[in-house]
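Fold and geometry: a report
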Amino acid sequence: MDRTDLQSLIAKCALKDRAAFDALYAATSAKLFGVILRILKSRSEAEEVLQEVYVKIWQKADRYAAGGFSPMTWLITIARNAAIDALRRRKGGSEPISAEVVEQMADAAPGPEALVVQASERARIDRCFAELEPDRAEAVQAAYLNGDSYAELADRYDVPINTMRTWLRRSLLKLRECLSR
């Protein structure tokens, strides 16, 4: 399920569409459960928190802004925050979670859900780059990923520097348009 499908389901959930909520649950519950389980390390507690998460999603779907986070990031944030709240309740709630505990919970390596999201985003970016002319795509990557200057690129492609600026600006606009679809 891609980003626009998830955005559509969340929008329908904001209108209290139960079928959309069922579809959203089916598409995302495994990923969110993984996030929660990684934090709580208790399957039964993670299942309870997952239920709480979907109640929050149902209640707060109207607060999702498509222009902000990706829908999966928004859902994962809700799940992570709910898991941390459950962890606080488990510890009695009398003391805040120390930075050390938070550091232990925040594994530096991306989890399975993050890897799936990254792969999906990478595929979208690759598709959008494929829509550009090959020399434009190479120039954008050289400028913004490798740090090549406009002058270096203009020399490499044997075009005036203002032409190179135009190429890059137009290419970025095309990429932005493609990524917003």
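The following refers to the structure shown. (Residues numbered from 1 in each chain as written. Predicted model: local features only at pLDDT ≥ 70, side-chain atom pairs only at ≥ 80, totals over all residues. Heavy atoms only, no water.)

1. Examining the overall build of the chain
Of regular secondary structure, the chain possesses nine helices and zero strands. Ordered by position from N to C terminus, the α and β elements of the chain give α-α-α-α-α-α-α-α-α. Per-residue burial over the chain gives 35% buried out of 181 residues. For the chain, the accessible area works out to roughly 11100 Å², and carbon and sulfur atoms hold 53% of it. (Helix = DSSP H or I, 4+ residues; strand = E, 2+ residues; numbered from the N terminus. Buried < 20%, exposed > 50% of the residue type's maximum accessible area, 1.4 Å probe, protein only. Areas by Shrake-Rupley, 256 points an atom, 1.4 Å probe, with all protein chains shown as cover.)

2. Here's the deal with the pattern of salt bridges
Inspection of the entire model under this criterion finds nine salt bridges. Across the pair Asp-85 and Arg-88 runs a salt bridge whose closest N-O atoms are separated by 3.4 Å. Separated by three residues within a single helix, Asp-85 and Arg-88 lie in helix α4 (residues 71-90), roughly one turn from each other. The class for Asp-85 is partly exposed, based on a relative accessible area of 30%. Among the ionic pairs, Glu-121 bridges to Arg-124, the shortest N-O distance being 2.9 Å. Here Glu-121 and its partner Arg-124 are both found in helix α6 (residues 112-131), three residues apart, which amounts to about one turn of the helix. A relative accessible area of 25% means that Glu-121 is categorised as partly exposed. One network of salt bridges, in which partners are shared, links Glu-133, Asp-135 and Arg-136. (Salt bridge = Lys/Arg side-chain N within 4 Å of Asp/Glu carboxyl O.)

3. Re a nonpolar patch on the surface
Together, Tyr-144, Tyr-150, Ile-161 and Leu-172 line one region of the surface with nonpolar side chains, adding up to about 330 Å² of accessible area. Its place among the elements puts Tyr-150 in helix α8 (residues 150-157). (Patch = residues over 30% accessible without salt bridge, like charges linked within 9 Å, V, L, I, M, F, W, Y side chains within 5 Å.)

4. Structural notes on the layout of surface pockets
Leftover empty space is mapped by rolling, across the atoms, a probe with the size of a water molecule. Quantified by volume, the second largest pocket comes out at close to 150 Å³. Lining the second largest pocket are Met-1, Asp-2, Arg-3, Leu-6, Lys-31, Ser-70, Pro-71, Met-72, Val-116, Val-117, Ser-120 and Glu-121. Of the residues forming the lining of the second largest pocket, the biggest block, four residues, is contributed by α6. Partitioning the lining of the second largest pocket into residue classes produces six nonpolar, two polar and four charged. (1 Å grid on protein atoms, 1.4 Å probe; cavity = no way out; pocket = protein on both sides within 12 Å on 5 of 7 lines; lining within 4 Å. Points joined across faces, edges and corners; volume = space filled by probe spheres on them. Nonpolar A, V, L, I, M, F, W, Y, C, P; charged D, E, K, R; others polar.)

5. Considering helix α3 (residues 43-60)
For α3, which comprises 18 residues, the first-to-last C-alpha distance of 25 Å matches the rise-based estimate of 26 Å (1.5 Å per residue) to within 8%. All of the buried residues in α3 are Ala-46, Val-49, Leu-50, Val-53, Tyr-54, Ile-57 and Trp-58. Looking at the buried residues of α3, the elements they touch are α1 (3-14), α2 (18-40) and α4. (Expected span 1.5 Å × (residues − 1). Contact = heavy atoms within 4.5 Å.)

6. Comments concerning the packing of aromatic side chains
The way to describe two aromatic rings as a pair is by their centre distance and the angle between their planes. Inspection of every chain in the model, using the stated rule, returns five aromatic pairs. Between Phe-21 and Trp-58, the aromatic rings sit 5.1 Å apart at their centres with planes inclined by 70°, giving edge-to-face as the arrangement. Taken as a pair, Phe-21 in helix α2 and Trp-58 in helix α3 lie far apart in primary sequence, 37 residues in all. Like Phe-21, the residue Trp-58 is buried in the burial classification. Aromatic side chains Tyr-25 and Tyr-54 sit 4.7 Å apart centroid to centroid with 65° between the ring planes, which places their arrangement in the edge-to-face category. Of this pair, Tyr-25 sits in helix α2 while Tyr-54 sits in helix α3; the two residues are 29 residues apart in sequence, bridging distant segments of the chain. The exposure class of Tyr-25 is partly exposed, given its relative accessible area of 38%. (Phe/Tyr/Trp six-rings, centres within 6.5 Å; stacked < 30°, edge-to-face > 60°.)

7. Brief notes about unusual backbone geometry
Residue Lys-16 is not a glycine yet carries a positive backbone phi of 65°. With respect to the secondary-structure elements, Lys-16 resides in the loop between α1 and α2. Positive phi, normally seen in glycine, also occurs at Lys-41, with a value near 60°. Its place among the elements puts Lys-41 in the loop between α2 and α3. For Lys-41, a relative accessible area of 68% gives the class exposed.

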